[in-house]
Every structure is written in C-alpha cells, then in structure tokens.
Amino acid sequence: MRKVWFLLTVLVFLLAGGMVAAEETPALDVTQYTLDNGLEVILVKDASAPTVATNILFNVGGAYDPAGRSGFAHLFEHLMFEESAHLKTGDIDRLIEQVGGFTNAYTSTERTVYYIPVPAHQLPWALWIEADRLASLVVSEENFENQRSVVIEEYQQQGRQCALWRSF
C-alpha cells in the first residue's frame, strides 16, 4: 500500500511540474514571408541552443507518383543528395558533417522534406548548399540509375512494389 501512495505522490508531482513547465514556455518568435520566386520562408527563433536547422518542405510525395508507377518522389529525394553545379556526389554530406551537422530527408504520401541541423554560425553554409542543389541539381544517367537501384532495394526491403522507369 505504501508503494501505491508513493507512486501516486510522485505522479502528482510530475504532473504538477509538467503544468508549471508548460506555463513557463515562451511563445514562439515566428517571422514569415514569401520571396520573389514564390518560396515561402518561415523563421522560428529559439535561442535555447546554439544550433539552427534548415527544413525545406515540398508538397509532393508518393501520392503524386504517376499511375502504375511508384517511387518517383522518393527517387528525387535521393537525387537531391547527388551532385549540383558546384558540388560532386558525396560533397553535401561530407561538407555538412565537417562543420558538425548532418543531412537527412524523408518522403511521405503528401510531401518530401529535407533538413540540415548545424551549429548556428554555419547557417550561411547550409543555406548555400540548399540553394545550390535547388538551383543546379545534376541529374545524370549515372546518378539516376544508381539512386533508382537504391530506391527499388529500399522498397523491396519494406515488402512494397516499386515500378520506376529504367531511364529518363
């Protein structure tokens, strides 16, 4: 019986502590605007850690694949990590990791999201990399076939069918 009362007391303190923490949470500092090219920018300031993250969201996911074909949104997610006009295959990950960050992305039914968390002083570098790959992605036959194979293998490992064209 003592254990039950002890656990209930701990639970009450945890819940009360959570309510106090929730009340002390400051409102988000959000700035939102649209660039001349139509890109919507949302900045959320949080000075609780010396880090930043770029997060680029495209409202295109697996649901937008052509009828009878699958994996295209996921394929282009992979291709975005290949090469650009100024970066060779592997450079994006290597350069971001050298400054203490990492890159990742995911594709869902409705969207594809790319993100790069880095130390705050490296934000200009992360933004330059994002801008470069968005403006000058290189989709070569070699990159396409390489990533096509990777995506098909990922789908097979998940027990899903993937029907990507052989070339572009």
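In the block above lies the structure referred to throughout.
**Digging into the side chain of Glu130**
Then, number 1: As for its placement among the helices and strands, Glu130 is situated in helix α4 (residues 123–136).
Then, number 2: Setting aside its immediate chain neighbours within four residues, Glu130 contacts Thr54, Ile56, Tyr114 and Ile116.

**Describing the pattern of salt bridges**
Then, number 1: The full count for this structure, using the stated rule, is 3 salt bridges.
Then, number 2: Glu130 serves as the salt-bridge partner of Arg133, at 2.7 Å between the closest nitrogen and oxygen. Separated by 3 residues within a single helix, Arg133 and Glu130 lie in helix α4, roughly one turn from each other. Both residues of the pair, Arg133 and Glu130, count as buried.
Then, number 3: Across the salt bridge formed by Glu145 and Arg148, the nearest N and O atoms sit 3.8 Å from each other. With Glu145 and Arg148 both in helix α5 (residues 141–157), this residue pair falls 3 residues apart, about one helical turn.

**Looking at the environment of Phe76**
Then, number 1: Of note, Phe76 is situated in helix α2 (residues 72–79).
Then, number 2: The class of Phe76 is partly exposed, set by a relative accessible area of 38%.

**Quick look at the environment of Leu28**
Then, number 1: Locating Leu28 in the fold gives a position in the loop between α1 (2–24) and β1 (29–34).
Then, number 2: The class of Leu28 is exposed, set by a relative accessible area of 64%.
Then, number 3: Sequence spacing of Leu28 and Val44 is 16 residues, and the spatial spacing of their C-alpha atoms is 6.7 Å.

**As for the packing of helix α3 (residues 91–98) against α4**
Axis angle and axis distance: for two packed helices, these are the angle between their axes and the distance between the axes, and together they describe the pair.
Then, number 1: In the contact formed by α3 and α4, the axes pass within 11 Å of each other and the chain directions differ by 170°. Classified by the angle between their axes, α3 and α4 sit roughly antiparallel to one another. Across from Ile92, Leu95 and Ile96 in α3, the residues of α4 making contact are Trp125, Ala126, Ile129 and Arg133.
Then, number 2: Taken together, the residues of the contact of α3 with α4 break down into 6 nonpolar, no polar and 1 charged.

What counts, and at which threshold
- Residues numbered from 1 in each chain as written.
- Predicted model: local features only at pLDDT ≥ 70, side-chain atom pairs only at ≥ 80, totals over all residues.
- Heavy atoms only, no water.
- Helix = DSSP H or I, 4+ residues; strand = E, 2+ residues; numbered from the N terminus.
- Contact = heavy atoms within 4.5 Å.
- Salt bridge = Lys/Arg side-chain N within 4 Å of Asp/Glu carboxyl O.
- Buried < 20%, exposed > 50% of the residue type's maximum accessible area, 1.4 Å probe, protein only.
- Axes fitted to C-alpha atoms, helices over the stretch in contact; angles between N-to-C directions.
- Parallel < 35°, antiparallel > 145°, perpendicular 65-115°, else oblique.
- Nonpolar A, V, L, I, M, F, W, Y, C, P; charged D, E, K, R; others polar.

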